[in-house]
Amino acid sequence: MTSMTVNGKPVRFLMDPDTPLLWALRDAANLTGTKYGCGEGDCGACMVHVDGEALRSCLITISEAEGRFITTIEGLSRDRSHPVQQAMVAEQAIQCGFCTPGIVMAASALLRKNPSPSEAEIKAAITNLCRCGIYPRLVEAILRAGRVTRRAETISAAPAPGISAEDAAREVPAISAPETAPSD
C-alpha cells in the first residue's frame, strides 16, 4: 500500500508500487485532468507538482511518490482562478485543450519560483508539446500571469466551471465497479 497526499488529502493506493503515478491518479483517484500523452516524458501532458516541483507523472512510480505532496490540475484551483489559468483564457492560449493542464502546471511551478521570468526563461522552462501550436500566445499568457502574480495587473475572471468536480464525478464516473461473475 502506497500513501501520499494528493490535492491536500491523504490517499492510499492499493496498486503495484511500480505503477506510474499518472495511472494511479487517473484510474484510481479519478483525477483525469492529468493527461496521458506519450508515456515517455516527452510531451508534458501528464505534468503534476510533486512537493512543489513540476514533474511528469508518467515517469514517477507511486513508490517514488510515497509520502510526498502531489498537486494535480484539479487541486491547483477548483474555480479556475489561478493566474496562469486566467491568463491562458485571456490570451486565447488554449486550442483543443489537451495539453493545457500540463502546461498550466509547468507554468505555475515556474511562476512560484520566479514571478518575473523573461521570455527566454519561459521557453526554457515550458518544454511541453502542443500540437495546436499556441507557443507565441503561451509566452504572452505566462508573462501576463507573472504580472498578475506580482499584482501589477488584474484579469477579468474567466467563467466558473459549469459543474462542480463532485457533481461531474457522480454524473459521468470514469471508473465503474466491474460486475461480479457468479461463482460455480
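Residues numbered from 1 in each chain as written. Predicted model: local features only at pLDDT ≥ 70, side-chain atom pairs only at ≥ 80, totals over all residues. Heavy atoms only, no water.

Colleague: Honestly, the packing of aromatic side chains in this entry has me stumped. Any pointers?
Modeller: Aromatic ring pairs are reported here in terms of the distance separating the ring centres and the angle at which the planes meet. Inspection of every chain in the model, using the stated rule, returns one aromatic pair. On the numbers, 5.1 Å between centres and 40 degrees between planes, the contact of Trp23 with Tyr36 is tilted. Here the residue Trp23 occupies a position in helix 1 (residues 21-28), and Tyr36 occupies one in the loop between helix 1 and strand 3 (47-50), the gap between them amounting to 13 residues. Among the residues examined, Tyr36 registers a relative accessible area of 39% and is labelled partly exposed. (Phe/Tyr/Trp six-rings, centres within 6.5 Å; stacked < 30°, edge-to-face > 60°. Helix = DSSP H or I, 4+ residues; strand = E, 2+ residues; numbered from the N terminus. Buried < 20%, exposed > 50% of the residue type's maximum accessible area, 1.4 Å probe, protein only.)

Colleague: Can you walk me through the environment of Ser63 in this structure?
Modeller: You can see Ser63 is positioned in the loop between strand 4 (53-56) and strand 5 (69-71). Residue Ser63 is classed as partly exposed on the basis of its relative accessible area of 35%. In the structure, Ser63 is positioned 47 residues away from Asp16 in sequence and 8.6 Å away in space, judged by C-alpha atoms. Each residue touching Ser63, except ones within four places of it in the same chain, is listed here: Thr2 and Pro17. There is a polar contact of 3.0 Å between the side chain of Ser63 and the side chain of Thr61. (Contact = heavy atoms within 4.5 Å. Polar contact = N/O pair within 3.5 Å; in protein donor to acceptor, adjacent residues only side chain to side chain.)

Colleague: What should I look at first to understand the pattern of salt bridges in this one?
Modeller: Close approach of charged atoms lets side chains of opposite charge pair. A complete count under the given rule lists six salt bridges for this structure. With its nearest N and O atoms 3.0 Å apart, the salt bridge here joins Arg68 to Asp51. In this pair, Arg68 sits in the loop between strand 4 and strand 5 while Asp51 sits in the loop between strand 3 and strand 4, placing the two residues 17 residues apart along the sequence. Take Arg68: its relative accessible area is 26%, and that puts it in the partly exposed class. Exposure remark for Asp51: the relative accessible area of 40% places this residue in the partly exposed category. (Salt bridge = Lys/Arg side-chain N within 4 Å of Asp/Glu carboxyl O.)

Colleague: For this particular structure, what's the right way to read the side chain of Ser57?
Modeller: Counting through the fold element by element, Ser57 comes out in the loop between strand 4 and strand 5. You can call Ser57 buried: its relative accessible area is 0%. A polar contact of 2.8 Å, which involves the side chain of Ser57, links it to the backbone oxygen of Cys46. Look past the residues within four positions of Ser57 in its chain and what remains in contact with it is Pro20, Leu21, Leu22, Thr34, Cys46 and Val48.

Colleague: Explain the packing of helix 3 (residues 83-90) against helix 6 (residues 135-149) to me, please; I cannot follow it from the model alone.
Modeller: Two numbers describe a pair of packed helices, the interaxial angle and the distance between the axes. One can describe the packing of helix 3 onto helix 6 by two numbers: an axis separation of 8 Å at closest approach and a directional angle of 135 degrees. Judged by the inter-axis angle, helix 3 sits oblique to helix 6. Read as a crossing pair, helix 3 and helix 6 show a hand that is right-handed. The residues of helix 6 that touch helix 3, namely those facing Pro83, Val84, Ala87, Met88 and Ala90, are Leu138, Ala141, Arg144, Ala145, Val148 and Thr149. Residues that form the contact of helix 3 with helix 6 fall into these classes: nine nonpolar, one polar and one charged. (Axes fitted to C-alpha atoms, helices over the stretch in contact; angles between N-to-C directions. Parallel < 35°, antiparallel > 145°, perpendicular 65-115°, else oblique. Left-handed = near helix turned anticlockwise from the far one by under 90°. Nonpolar A, V, L, I, M, F, W, Y, C, P; charged D, E, K, R; others polar.)

Colleague: What exactly am I supposed to notice about the environment of Met88 here?
Modeller: Take Met88: it is sitting in helix 3. Residue classification places Met88 among the buried residues on the basis of a relative accessible area of 2%. Considering only alpha carbons, one finds Met88 and Arg144, 56 residues apart in sequence, at a separation of 8.9 Å. The residues contacting Met88, other than those within four sequence positions of it, are Ala93, Ile94, Thr100, Ile103, Val104, Leu138 and Ala141.

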